[in-house]
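Structural features, examined
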Amino acid sequence: ETEFYDASSTISGASRASYVKQTTSEIEITMRAIRKHHSETIMKLQIELDDSHKRLKKYERKVKGLTKLIKENSFVIESLHKKLMEKTQAGAPARPIHPEEMVMLDD
């Protein structure tokens, strides 16, 4: 009876050791896969972030350019309006201004 018990406990011990080795191996493989996936994800997200920064800079330049253009156009419109008001006050009849006449108002 004790011989059977010793033999079965040895087999049982060897089986447990094999199971632990297999489990350890599977855990190590899983950890490597997680690390690889993590590294790839970080690299992909970093590239996307860099691209987003580039697009942001590009659009900031466009917004600055458009803002400058709007300010310039506002100044031109205000100047034309002022000249029109001066002309109207000087006795010239108020009528719509044609684009060709805008150049003349500038003089």
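The structure presented is a predicted model; accordingly, all values stated were derived computationally and were not measured. (Residues numbered from 1 in each chain as written. Predicted model: local features only at pLDDT ≥ 70, side-chain atom pairs only at ≥ 80, totals over all residues. Heavy atoms only, no water.)

1. Focus: the overall build of the chain
Scanning the chain from N- to C-terminus turns up two helices and zero strands. Within the chain, the fraction of its 107 residues that count as buried is 3%. (Helix = DSSP H or I, 4+ residues; strand = E, 2+ residues; numbered from the N terminus. Buried < 20%, exposed > 50% of the residue type's maximum accessible area, 1.4 Å probe, protein only.)

2. Thoughts on the pattern of salt bridges
Overall, the coordinates contain one salt bridge when judged by the stated rule. Between Lys 36 and Glu 40 there is a salt bridge, with its nearest N and O atoms 3.9 Å apart. Taken as a pair, Lys 36 and Glu 40 lie in helix α1 (residues 2-89) at a separation of four residues, close to a single helical turn. Judged by its relative accessible area of 41%, Glu 40 is partly exposed. (Salt bridge = Lys/Arg side-chain N within 4 Å of Asp/Glu carboxyl O.)

3. Focus on a positive patch on the surface
Taken together, Arg 55, Lys 57, Lys 58, Arg 61, Lys 62 and Lys 64 make up a surface patch of like positive charges. Its relative accessible area of 39% is what places Lys 58 among the partly exposed residues. (Patch = residues over 30% accessible without salt bridge, like charges linked within 9 Å, V, L, I, M, F, W, Y side chains within 5 Å. Areas by Shrake-Rupley, 256 points an atom, 1.4 Å probe, with all protein chains shown as cover. Lys, Arg positive; Asp, Glu negative; His and termini not counted. Charge placed at Lys NZ, Arg CZ, Asp CG, Glu CD.)

Nothing here speaks to function; it is geometry throughout.
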